[in-house]
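Summary of the model geometry
Spelled out from the first residue to the last, the chains are:
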Amino acid sequence: MSKTRRSSKKRSLSKTRRPLLKLVIAALLGFALVLVYLDAKITATFTDKMWELPAKVYARPLELFVGANLAAEDFAYELEVLGYRKVNSVRNPGQVRQQGSRFDIYTRGFAFPGEREPARRLQVGLSGGKVRTLQGGGSDVDLLRLDPVQIGGIYPSHGEDRILVRLEEVPDTLRLGLLAVEDQNYYEHWGFSITGIARAALSNVRSGSVVAGGSTITQQLVKNYYLTPERTYIRKLTELLMAVLLDFHYSKEQILESYMNEVYLGQEGPRAIHGLGLAARHYFDTPLEQLGLHQQALLVGMIKGPSLYNPLRNPTRARERRNLVLDVMVEQEVISAEHAMVARAMPLGLNNQTRIRDTFPAYLDLVRRQLRQEYREEDLTTLGLSIFTSFDPILQRQVERSASAVLDQLDKGGELESATVVTRFDTGEVAALVGGRKVRYAGFNRALDAKRPAGSLLKPAVYLTALEQPRRYTLATPISDTPLEVEGPDDSIWSPNNFDRQPHGEVLLHRALANSYNLATARLGMELGINNVVEMLQRLGVEGYMPEVPALTLGAGEYSPMDMAAMYQSIAAGGFRMPLRSIRDIVDAHGEALRRYPLEYDRTVSLQAMHLLHYALREVVREGTGRGVYRYLDDDFAVAGKTGTTNDGRDSWFAGFSGDLLAVTWIGRDDNGGTGLTGSSGALKVWAHFMARASQRSLGYRMPDQMAPQWIDDSNGYVTGEGCPQARLMPFINGSEPKQRTNCSPRINGIKDWFQSLFGGDS
Amino acid sequence: MLDVTLVWRVGLIVLVTTVAGCSVYSVPGRQPAPVETRPDPTVVTPSSPPSVPPSPSEPVPQPPEPNASNAYGSLVLKAGQASAGGDYERALALLERAQRIDPDSAEVYLALAQTYAAKGDMSQARATAERGMLYCRSDAECRQLRALLN
């Protein structure tokens, strides 16, 4: 049927023989096709999902309650990075007044996953490193969260970042001011405007400079969103057509809202600032709704030339432009002359906060890697997810300070590199991360990617394997620290040495670990079976390949600081393995919770054996290779840890924990050269410097059931009495106490007996 | 009348404390760390003698951190309501927040373990209770946690 019709049409057209008409019809047809194409393009893309929204990455929110550990200086820092404004009188959200250790703040409030924290006025009193009073509205407040610091985003390659706003959130003066400057005829025209162009020209003449361009807001939106930037007549025509179509299909409000979200307002490194919402945050650190008139006028003025009128770089020009916009707003009767006069007198009102967004590349790298296990890169850069992490800006600042303080002192030449992982071991959350000495630069993330031998950091796994067999091994079991030779492949002989190049003969197990004796450890490991040591390392959370050779007992293999953090996390937690987490929750663009990463404990090691290991690791820092930590820490502050040094001092390690924090520090060189450092002369110092300033709680686990302390003669491992020579109190798993006894009987007065033994008394 | 032995003893104590202090721990440049301890009296601290004498009894109950329970109490309460209403995920989220506020509160561990148990996740209930036992400070607390181990 269609065939016949088409042929008849053809015939009738050819019969007419009017070339001009044919041409016109063909042109009209072509035009119609273009129109259909453009129309389809517009209706297909102009939806809610038209914006690619980068994921936002947040730090942990600061919890405020009476008794919370918080120094005034740290609180001030947190508020500063949050961009709270220092004012003399607190009236609006996001303002703070600090008088010594008293803070009067108006919180911003925040929609946390599952619960909204309202904005509220608060009086916070701090002293002695703690929150002492917390009041709001005249009564005590039990608990609240500040808004979390945004520490970064996951941007698409073109770098566009924006915060979406709804038209009703935009202050009227800002909306009308925008129209007054960019498109005075907006509500009347059909997407383009001849009179608009004329009026713009007129207004330019009147003010003596170019205030307004000829394009309507609709045209500008089309140009920015759909078209490439080159200037040709074809492109201008397309722009005009699409503007009309857009105006035909959508309401003025929808188009204006899209424009406000699309408009480009500046650059910060690779990140492009789009939309009024983000610009308000970026330049003023204020939500759009709360912008002052002077700030609104500046934003409107910047649209014409975001770089030219960048208030950070060209404050004078920006100010002139702002005042010009204020004039136009008066002229168009958007604001009164009085208001404009007040606004003109205002400073630019920029935020002068310490910018911390995207300044923690190492931690963001960790977050990104954990996200990539479950999300596609494209989803991360477009869906507008909010990622809530356990990053703690206060701990991060301290660990950065400690690392640079110690390294600047150790290494003036700048050849040493360093990495530190800090976790809160009760929850297995990574709180801070240093990936190199230049903490602000993204690059080689040593905390995750430097793969090094671990030295004596692996030794606890050997001892733990032993202590899990209480019938064979206790802290008081004598083991042999004597030379050994092991045949390896290719007729090689492995014969380890002690650090002091001396064998120590028979030593008690606890002392062999505290003093990090290599010979004793290697012998013990071989006695236990290297495969069992490997299995223990796996139970402690070390993943990846481990060489099943005797040298493993002394740290052979390749391990990142993060691998060691996983291992010591399980140790610090008391024998519970948990994956190291950096992400708590993921929430979608509409505030719906997508994913929560729950806390999960998996007990993989005997609690009792772990308690024994803790005793030995506490001895390391009291009496053994790690005792340098008490140059930094208070005597009564209990910590546990282990030093690690590799051949020729290539790597200096320290891993340890207090009652709340675990930290693993590595120092070495990228070229794997010698550092001249041991674990205790290098990494230990960073660790202890940090712990002394950051840790709030001394190590204080309860002793597990089925255990009891027992006095032991430290020279031979026999049961002895309190106050006897060499008497030392050590924990034992019930029934594992040594069978042999000294013939010294317990005394009532321990102190007196100790004095007597010290001075060669009668015992 | 002067007791010669007493003088001798006092002299010794002074001498020994000074010597021990200098030789082992006292080093210049030490920074104070804020201390907040709830030590278990039965835990043995490795250090030079005299060691802490072993205590034959169970740990003595100690008061929790000042006001910390005020802070997380409302969360534990809300979690209990959520759990009673069958919303275990919300209950767990609330309790994890409570745990971050006071990470060594056995009470929070107990609530977490009970929520896991109510949810039917017995292995997490057991593991959480077991971990809470590292922090319990009173017979009653320890007993409640111990009950969840089986």
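Details of the structure are given in the entry above.
In what follows, the accompanying structure is described.

Further remarks concern the overall build of chain A. Along chain A, the regular secondary structure elements total 24 helices and 32 strands. In terms of overall dimensions, chain A has a C-alpha envelope of 125 × 75 × 50 Å along the principal axes. Considering chain A as a whole, with its 763 residues, one finds that 58% of them fall into the buried category. Expressed as a percentage of contacts within chain A between residues at least 6 apart in sequence, the contacts between residues at least 24 apart total 69%. Carbon and sulfur atoms make up 52% of the accessible area of chain A, which amounts to about 32900 Å² in all. Computed over 90 positive and 87 negative side-chain charges, the inter-centroid distance for chain A is 8 Å.

This brings us to the overall build of chain B. Tallying secondary structure elements over chain B gives six helices and zero strands in all. Each of the 150 residues in chain B was classed as buried or not, and the buried ones make up 41%. Taking the intrachain contacts of chain B between residues at least 6 apart in sequence as the baseline, contacts between residues at least 24 apart amount to 48%. Roughly 7600 Å² of accessible area belongs to chain B as shown, and the carbon and sulfur atoms make up 63% of that amount.

It is worth spelling out the packing of helix H4 (residues 106-119) of chain B against helix H5 (residues 122-132) of chain B at this point. Residue and element names in this part refer to chain B. Where H4 contacts H5, the axes come no closer than 7 Å and their chain directions differ by 170°. It follows from the interaxial angle that H4 and H5 lie roughly antiparallel. Residues Ala106, Tyr109, Leu112, Ala113, Tyr116 and Ala117 of H4 pack against Met122, Gln124, Ala125, Thr128, Ala129, Arg131 and Gly132 of H5. Residue composition of the contact of H4 with H5, grouped by class: nine nonpolar, three polar and one charged.

What follows is about the nonpolar core. Residue and element names in this part refer to chain A. Core analysis: the biggest nonpolar cluster contains 154 residues, and Leu64, Phe75 and Met567 have the highest contact counts within it. Broken down by element, this core gets its largest block of residues, nine residues, from helix H22 (residues 607-622). With 59 residues, the next largest nonpolar core counts Ile42, Met50, Leu241 and Leu288 among its residues.

Here the focus is the pattern of salt bridges. Considering all chains together, one arrives at 57 salt bridges over all chains under this definition. In this structure, aspartate 563 of chain A engages lysine 451 of chain A in a salt bridge whose closest nitrogen and oxygen atoms are separated by 3.3 Å. One end of the pair, aspartate 563 of chain A, is in helix H21 (residues 561-572); the other, lysine 451 of chain A, is in the loop between helix H16 (446-449) and helix H17 (459-467), and 112 residues separate them in sequence. For lysine 451 of chain A, a relative accessible area of 41% gives the class partly exposed. A salt bridge links glutamate 89 of chain B to lysine 119 of chain B; the shortest N-O distance between them is 3.3 Å. With glutamate 89 of chain B in helix H3 (residues 88-101) and lysine 119 of chain B in helix H4, the pair connects residues that are 30 residues apart, well separated along the chain. Through salt bridges with shared partners, a single ionic network connects Arg511, Glu619, Glu623, Asp714 and Arg728 of chain A.

Moving on: the sheet that holds strand E31 (residues 718-719) of chain A. Residues and elements named next belong to chain A. Strand order in the open sheet made by the three strands is E31-E30-E32, with antiparallel pairing throughout. Among the strands making up the open sheet, the edge pair consists of E31 and strand E32 (727-733). Bridging between strand E30 (residues 707-713) and E31 involves two bridges; their strand directions are antiparallel. The residue bridging aspartate 713 from the neighbouring strand is tyrosine 718, located in E31.

Residues and elements named next belong to chain A. Under the definition given, this model contains two disulfides over all chains. The disulfide that involves cysteine 724 links it to cysteine 744, with 1.7 Å between the sulfurs. An S-S torsion of about -85° defines the bridge between cysteine 724 and cysteine 744 as left-handed. Of this pair, cysteine 724 sits in the loop between E31 and E32 while cysteine 744 sits in the loop between E32 and helix H24 (750-758), and the two are 20 residues apart along the sequence. Note on cysteine 744: relative accessible area 16%, which makes it buried.

As a further point, take unusual backbone geometry. Glycine aside, the phi torsion of most residues is negative, and most peptide linkages are trans. Residues and elements named next belong to chain A. With a phi close to 60°, glutamate 333 is a non-glycine residue in the positive phi region. Inspection of the secondary structure puts glutamate 333 in the loop between helix H11 (315-331) and helix H12 (337-345). Phi at serine 516 takes a positive value of approximately 55°, unusual for a residue other than glycine. Secondary-structure assignment places serine 516 in the loop between helix H18 (509-514) and helix H19 (518-528).

For any two helices packed against each other, one specifies the inter-axial angle together with the distance between the axes. Residue and element names in this part refer to chain A. At a minimum axis separation of 9 Å, H11 and H12 run at an interaxial angle of 175°. Taken together, the axis directions place H11 and H12 in an arrangement best described as roughly antiparallel. In contact with Arg319, Arg322, Asn323, Leu326, Asp327 and Val330 of H11, H12 contributes Ala337, Ala340, Ala343, Arg344 and Ala345. Partitioning the contact of H11 with H12 into residue classes produces six nonpolar, one polar and four charged.

What follows is about H22 of chain A. Because each turn of an α-helix spans 3.6 residues, side chains separated by three or four positions in sequence point in the same direction. Spanning 16 residues, H22 of chain A covers 22 Å between terminal C-alpha atoms, matching the ideal 22 Å at 1.5 Å per step. Capping of H22 of chain A at its N-terminal end is provided by serine 606 of chain A; its side-chain oxygen lies 3.2 Å from the backbone amide nitrogen of glutamine 608 of chain A.

Turning next to the packing of aromatic side chains. All names here are of chain A. Under the definition given, this model contains 18 aromatic pairs over all chains. Centre to centre, the rings of phenylalanine 576 and tyrosine 601 are 5.8 Å apart; their planes meet at 70°, and the pair counts as edge-to-face. Note that phenylalanine 576 is positioned in strand E23 (residues 576-577) and tyrosine 601 in the loop between strand E25 (593-596) and strand E26 (602-603), a separation of 25 residues in sequence. Residue classification places tyrosine 601 among the buried residues on the basis of a relative accessible area of 3%.

Definitions and limits used
- Residues numbered from 1 in each chain as written.
- Chains lettered and ligands numbered in written order.
- Predicted model: local features only at pLDDT ≥ 70, side-chain atom pairs only at ≥ 80, totals over all residues.
- Heavy atoms only, no water.
- Helix = DSSP H or I, 4+ residues; strand = E, 2+ residues; numbered from the N terminus.
- Buried < 20%, exposed > 50% of the residue type's maximum accessible area, 1.4 Å probe, protein only.
- Contact = heavy atoms within 4.5 Å.
- Areas by Shrake-Rupley, 256 points an atom, 1.4 Å probe, with all protein chains shown as cover.
- Lys, Arg positive; Asp, Glu negative; His and termini not counted.
- Charge placed at Lys NZ, Arg CZ, Asp CG, Glu CD.
- Axes fitted to C-alpha atoms, helices over the stretch in contact; angles between N-to-C directions.
- Parallel < 35°, antiparallel > 145°, perpendicular 65-115°, else oblique.
- Nonpolar A, V, L, I, M, F, W, Y, C, P; charged D, E, K, R; others polar.
- Core = buried A, V, L, I, M, F, W, Y, C linked by side-chain atoms within 4.5 Å.
- Salt bridge = Lys/Arg side-chain N within 4 Å of Asp/Glu carboxyl O.
- Pairing = 2+ DSSP bridges.
- Disulfide = S-S within 2.5 Å.
- Expected span 1.5 Å × (residues − 1).
- Polar contact = N/O pair within 3.5 Å; in protein donor to acceptor, adjacent residues only side chain to side chain.
- Phe/Tyr/Trp six-rings, centres within 6.5 Å; stacked < 30°, edge-to-face > 60°.

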